[in-house]
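Structure at a glance
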Amino acid sequence: MTDCGPKALTATMTSGRSPYNAYLREKGYEGDNPWHDFANAGIEEDGSIASGWIYSNGGKPANIREEDLETPWLTPRDDPLHGRGRT
């Protein structure tokens, strides 16, 4: 059985195999795992990362521009319902 839980996802996202991490780096989001630091995180009042893995942080907005979130990236540009996303 394939492990697809948080540890496996984090391992994939940090291994350099993530096309979304590559996309985020191209957009200027720096770090070993921009998905973790930006798309899956908010910002605490003191400026530290509020991890999206922590339930109590779920209401915080992501630390990323809306157009760079995963949903628009995953949605094809020619999608008639959404009309935006990656090519």
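A short tour of the structure in this document, coming up.

The rules behind the values
Residues numbered from 1 in each chain as written. Predicted model: local features only at pLDDT ≥ 70, side-chain atom pairs only at ≥ 80, totals over all residues. Heavy atoms only, no water. Helix = DSSP H or I, 4+ residues; strand = E, 2+ residues; numbered from the N terminus. Buried < 20%, exposed > 50% of the residue type's maximum accessible area, 1.4 Å probe, protein only. Contact = heavy atoms within 4.5 Å. Areas by Shrake-Rupley, 256 points an atom, 1.4 Å probe, with all protein chains shown as cover. Phe/Tyr/Trp six-rings, centres within 6.5 Å; stacked < 30°, edge-to-face > 60°.

Next up on the list: the overall build of the protein. When you go through the protein residue by residue, the secondary structure sums to 4 helices and 2 strands. Evaluated residue by residue, the protein yields a buried proportion of 30% over its 87 residues. In the protein, once contacts between residues fewer than 6 apart in sequence are set aside, the share between residues at least 24 apart is 27%. Carbon together with sulfur atoms contributes 54% to the accessible area of the protein, which is approximately 6,200 Å² in total.

Here the focus is the packing of aromatic side chains. Going through the model one piece at a time under the given rule, you end up with 5 aromatic pairs. Ring geometry for Tyr-23 against Trp-73: centres 6.1 Å apart, planes inclined by 45°, an arrangement best described as tilted. Here the residue Tyr-23 occupies a position in helix α2 (residues 19–26), and Trp-73 occupies one in helix α4 (residues 70–74), the gap between them amounting to 50 residues. With respect to class, Tyr-23 is no different from Trp-73; both count as buried.

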